[in-house]
Amino acid sequence: MSKDPLLSPFQLKHLTLRNRIMITSHEPAYPENGMPKDKYRAYTVERAKAGVALTMTAGSASVSRDSPPVFNNILAWQDEVVGWMKQIADECHDYGTAVMIQLTHLGRRTRWDKGDWLPAVSAGHEREAAHRAFPKQAEDWDIDRIINDYADAAERMKAAGLDGIELQAYGHLMDQFWSPLTNSLEAPYGGDLNNRLRFTFDTLAAIRKRVGDDFIVGVRYTADEAVPGGLNEDDGIEISRLLEQSGMVDFLNVVRGHIDTDPGLTDVIPVQGMRNAPHLDFAARVKQATNLPVFHAAKIPDVATARYAIDSGKLDMVGMTRAHMADPHIIRKITSGQEHRIRPCVGANYCLDRIYQGGEAYCIHNPATGRELSIPHDIPKADQPKKVVVIGAGPAGLEAARVAATRGHQVTVFEAADKTGGQVLLTSQSERRREMISITDWRYDECIEMGVKFHFNNFADGDGVREQNPDVVIVATGGLPHTDILEQGNELVVSAWDIIAGDVKPGNNVLIFDDAGDHAGLQAAEIIASSGAKVEVMTPDRSFAPEVMAMNLVPYMRSLQVLDTTFTVAWRLKSVTRDGAGLKAVVGSDYGDFRRDRSVDQVVVNHGTRPLDDVYTELKPLSINLGEVNYEDLVAGRPQRIRSNENGEFQLFRIGDAVSSRNTHAAIYDALRLVKDI
């Protein structure tokens, strides 16, 4: 038996969980027509293979037709779901992993124009800020119908062979009944706390009647809404005790906060720059107040924190959900003595922010997550070892080197700077994004482990590359800021990078023109505003920083609003001229022929990057493929076979921002899907 508390088994009713790590309910938005088909199953099973004890599929699986998902959730109200869930359950069980699902009715947490355009329903008329639907107040027949829908969905999940279910009660219909902020019903479902809980207990009773006493049923719920007028900690402790006393609940999965606004959601699920495990002690207080098993997850990104949560007795099961998106093989690496090689979750929250914008959840630095059908997490060895030269040690170059070394190739990396990191090194200068450096640090450590050779302070050129006698050359030199965008005065502006790197001191009255909408513009704004300067952030878009996305935007806004930063949308910087000791910035609009003047002493432009591709251009005529990539083969996962230059010496490819200005995930994905087939 292992002495590691994380590896100790846990008895949940009749179910023996093989360790104390779980993946909490979450929706990666992989269903097809509401069904968890092959892509969903491959994603889930990958983590089961590596040894996780319990996987909770499907955050917010919908139990009713009038609970249309706002992103791509599983439709648990359809009978078809049974067969698909059974395939997931059976395959996870083959690897010794227990499987559950989260069932819910979204209530007001949806839009009025989703699904079948049925009215959103809640315990009151209050609109949810995040999804904007004004709900109808539930009538008696709505309540009866929805309780029956819950029971039907639970019965489907038992038929599919799942080990249990979890009911969602934070931000959704169930706790919209609980909270005095959202329940304006009269008795028997409104009024005092016992009445507000009646819907939950009636639902549990209906579920138990269908699935029996042995089937595992838990609740994931807010035990403190942390908002004025809402449920407080005392209410939450009382709710926890009442759930236990009902005899119908087998575990409590504790959440703290509210999710009806972007700031509220971000406090419940913290992002990088925010404190790790902020609600762990709160969950422990719930555990002390009841005798039910307590589960919890909220920015527990590393094994050390998870181990402490179990060893200290604060939790019975610890959730590491985003951490398993970064590295699905956490348990395997712990048990094999490879804990130091776990790919770290950096809290970038690219996964969650994407689904709230209607996309699929992808990890910012593990592009194989969600693409298990086409990209393996364990890269196989190549049939024939090759000599691979990589130019650039940013995220794209390091990923190319890592994957090539994993394939068994001999790899050499040239880097012009004295250390790895590239643009990640720059962005991690900010306290808010310091965790990002783990993206490149982990890859560098992996490369060293596998014998990759690095040449720092080395501007690679054609002669230097040819001296290596390579079979393959990969250019990952990144890009440089592009600020040459004005009708007049390009020489008078500085880039956001200049500010972040500290190469240019902030002015006193600064206009930031952000036409890229990524982190760099807001990072520069924070630095300048923190110096005491007056700052205006301007964008030609109808919203600012769209590439930062909702949850990552929250910490910036909290900082910048305190610093009295002005945000201006729908105006475009046209020109900059000298105006005495200062500058005159002329701004216009895409919506009409309007002009306005701004008197400032500094103009900062964030307009993305242009490829730094000199060495690529030099090497291109020397290459076998003349730099060409066959996209059909790339997407299909086949090796590149273009031979367009009979005198060529090596294959040549470029990746990441050396191709075009994108983001970190795109750069790493470029490298992985190309090099895995070299």
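Residues numbered from 1 in each chain as written. Predicted model: local features only at pLDDT ≥ 70, side-chain atom pairs only at ≥ 80, totals over all residues. Heavy atoms only, no water.

**A few points about the domain arrangement of the protein chain**
Turning to step 1, where the next piece is worked out: You can read the domains of the protein chain as domain 1 (5–357), domain 2 (387–479 + 611–676) and domain 3 (483–607).
Turning to step 2, where the next piece is worked out: For domain 2 versus domain 3, the separation of C-alpha centres amounts to 32 Å.
Turning to step 3, where the next piece is worked out: Counting residues at the interface gives eight residues for domain 2 and nine residues for domain 3.
Turning to step 4, where the next piece is worked out: Across the domain 2/domain 3 interface, buried area totals approximately 770 Å², and carbon plus sulfur atoms make up 58% of it.
Turning to step 5, where the next piece is worked out: For domain 2, the biggest contributors to the area lost against domain 3 are L426, R432 and R433; these three give 70% of the whole.
Turning to step 6, where the next piece is worked out: The interface formed by domain 2 and domain 3 contains one salt bridge.
Turning to step 7, where the next piece is worked out: Residue R432 is joined to E526 by a salt bridge in which the shortest nitrogen-to-oxygen separation is 2.3 Å.
Turning to step 8, where the next piece is worked out: Connecting domain 2 to domain 3 are three residue pairs in polar contact (both at pLDDT 80 or more).
Turning to step 9, where the next piece is worked out: When residues of the side of domain 2 that touches domain 3 are assigned to their parent elements, the largest contribution, three residues, is made by helix α14 (residues 422–427).
Turning to step 10, where the next piece is worked out: Considered class by class, the residues forming the side of domain 2 that touches domain 3 number one nonpolar, five polar and two charged. (Domains from an automatic or database assignment. Contact = heavy atoms within 4.5 Å. Buried area = accessible area lost by both parts, 1.4 Å probe. Salt bridge = Lys/Arg side-chain N within 4 Å of Asp/Glu carboxyl O. Polar contact = N/O pair within 3.5 Å; in protein donor to acceptor, adjacent residues only side chain to side chain. Helix = DSSP H or I, 4+ residues; strand = E, 2+ residues; numbered from the N terminus. Nonpolar A, V, L, I, M, F, W, Y, C, P; charged D, E, K, R; others polar.)

**Some thoughts on the UniProt feature "domain: FAD/NAD(P)-binding" (unreviewed entry) in the protein chain**
Turning to step 1, where the next piece is worked out: Within the UniProt annotation, "domain: FAD/NAD(P)-binding" (unreviewed entry) is assigned to residues 386–616.
Turning to step 2, where the next piece is worked out: For residues 386–616, helix accounts for 31% and strand for 31%, while the C-alpha atoms at its two ends are 20 Å apart. (UniProt positions renumbered as here; feature names shortened; annotations may be inferred.)

**What to know about unusual backbone geometry**
Turning to step 1, where the next piece is worked out: The linkage connecting A187 with the following residue, P188, adopts the cis geometry, with an omega of 15°.
Turning to step 2, where the next piece is worked out: Relative to the elements of secondary structure, P188 occurs in the loop between α4 (173–178) and α5 (193–211).
Turning to step 3, where the next piece is worked out: With a phi close to 55°, A226 is a non-glycine residue in the positive phi region.
Turning to step 4, where the next piece is worked out: Topologically, A226 is positioned in the loop between β9 (216–222) and α6 (233–245).
Turning to step 5, where the next piece is worked out: Non-glycine residue N469 carries a positive phi angle of around 50°.

**Digging into the UniProt feature "domain: NADH:flavin oxidoreductase/NADH oxidase N-terminal" (unreviewed entry) in the protein chain**
Turning to step 1, where the next piece is worked out: Residues given the UniProt feature "domain: NADH:flavin oxidoreductase/NADH oxidase N-terminal" (unreviewed entry) here are residues 6–339.
Turning to step 2, where the next piece is worked out: Between the first and last C-alpha atoms of residues 6–339 the distance is 13 Å; the span itself is 37% helix and 16% strand.

**Notes on the packing of aromatic side chains**
Turning to step 1, where the next piece is worked out: The tally for this structure, following the rule as stated, stands at twelve aromatic pairs.
Turning to step 2, where the next piece is worked out: Note on W178 and Y221: the rings are 6.1 Å apart at their centroids and 65° apart in plane angle, and the pair reads as edge-to-face. Of this pair, W178 sits in helix α4 while Y221 sits in strand β9, placing them 43 residues apart in sequence. Here W178 and Y221 have matching classes, each one buried.
Turning to step 3, where the next piece is worked out: With a centroid separation of 4.6 Å and an interplanar angle of 20°, the aromatic rings of F251 and F295 are classed as stacked. On the criterion of sequence distance, the pair formed by F251 in strand β10 (residues 251–255) and F295 in strand β11 (residues 294–296) is long-range, its members being 44 residues apart. For the residue pair F251 and F295, the accessibility class agrees, reading buried in each case.
Turning to step 4, where the next piece is worked out: Stacked on the ring of Y362, the Lys or Arg R371 has its end atom at 3.9 Å from the ring centre. (Phe/Tyr/Trp six-rings, centres within 6.5 Å; stacked < 30°, edge-to-face > 60°. Buried < 20%, exposed > 50% of the residue type's maximum accessible area, 1.4 Å probe, protein only. Lys NZ or Arg CZ within 6 Å of the ring centre and 35° of its normal.)

**Examining the pairing of strand β25 (residues 602–606)**
Turning to step 1, where the next piece is worked out: The buried count for β25 comes to five of five residues, which makes it a mostly enclosed element.
Turning to step 2, where the next piece is worked out: Neither face of β25 is open: one carries Q602, V604 and N606, the other V603 and V605, and all of them are buried.
Turning to step 3, where the next piece is worked out: One ladder, built from two bridges, connects strand β18 (residues 494–495) with β25; its direction is parallel. Residue V494 lies in a different strand from β25, and its bridge partner there is V604.
Turning to step 4, where the next piece is worked out: Relative to β25, strand β19 (residues 509–514) runs parallel, the two sharing five bridges. Bridge pairing links I512 to V604 in β25. (Pairing = 2+ DSSP bridges.)

**Some thoughts on the packing of helix α18 (residues 519–530) against helix α19 (residues 550–562)**
Turning to step 1, where the next piece is worked out: Between α18 and α19, the least distance of the axes is 10 Å, while the angle of their chain directions is 20°. Relative to α19, α18 is oriented roughly parallel. α18 and α19 meet at a crossing whose hand is left-handed. Contacts between α18 and α19 pair H519, L522, Q523, A525, E526 and A529 from the former with N552, L553, P555, Y556, S559 and L560 from the latter.
Turning to step 2, where the next piece is worked out: Tallied by class, the residues present in the contact of α18 with α19 amount to seven nonpolar, four polar and one charged. (Axes fitted to C-alpha atoms, helices over the stretch in contact; angles between N-to-C directions. Parallel < 35°, antiparallel > 145°, perpendicular 65-115°, else oblique. Left-handed = near helix turned anticlockwise from the far one by under 90°.)

**Section: the environment of I21**
Turning to step 1, where the next piece is worked out: Along the chain, I21 falls in strand β3 (residues 21–23).
Turning to step 2, where the next piece is worked out: Sequence-wise, I21 and P9 are twelve residues apart; in three dimensions their C-alpha atoms are separated by 9.8 Å.
Turning to step 3, where the next piece is worked out: The residues touching I21, leaving out its near neighbours within four places in the chain, are L6, V52, A53, L54, M317, V318, M320, H324, I331 and I334.

**A word on helix α1 (residues 38–49)**
Turning to step 1, where the next piece is worked out: For α1, spanning twelve residues, the distance from its first C-alpha to its last is 16 Å, which sits close to the expected 16 Å at 1.5 Å a residue.
Turning to step 2, where the next piece is worked out: With respect to burial, α1 is a largely interior element, ten of its twelve residues being buried.
Turning to step 3, where the next piece is worked out: Every buried residue of α1 is listed here: K39, Y40, R41, A42, Y43, T44, V45, E46, R47 and A48.
Turning to step 4, where the next piece is worked out: Residue G51 follows α1 closely and has a positive phi angle near 110°. (Expected span 1.5 Å × (residues − 1).)

**Some points on the sheet that holds strand β16 (residues 472–475)**
Turning to step 1, where the next piece is worked out: Taken in spatial order, the five strands make up an open sheet running β15-β14-β13-β16-β27, and their pairing is parallel. The open sheet has two edge strands with one neighbour each: β15 (453–455) and β27 (651–654). Recorded for the sheet is a direction-independent mean angle of 15° between the axes of neighbouring strands.
Turning to step 2, where the next piece is worked out: Relative to strand β14 (residues 410–414), strand β13 (residues 387–391) is paired through five bridges, and the arrangement is parallel. By the bridge assignment for β14, V390 is matched with V413.

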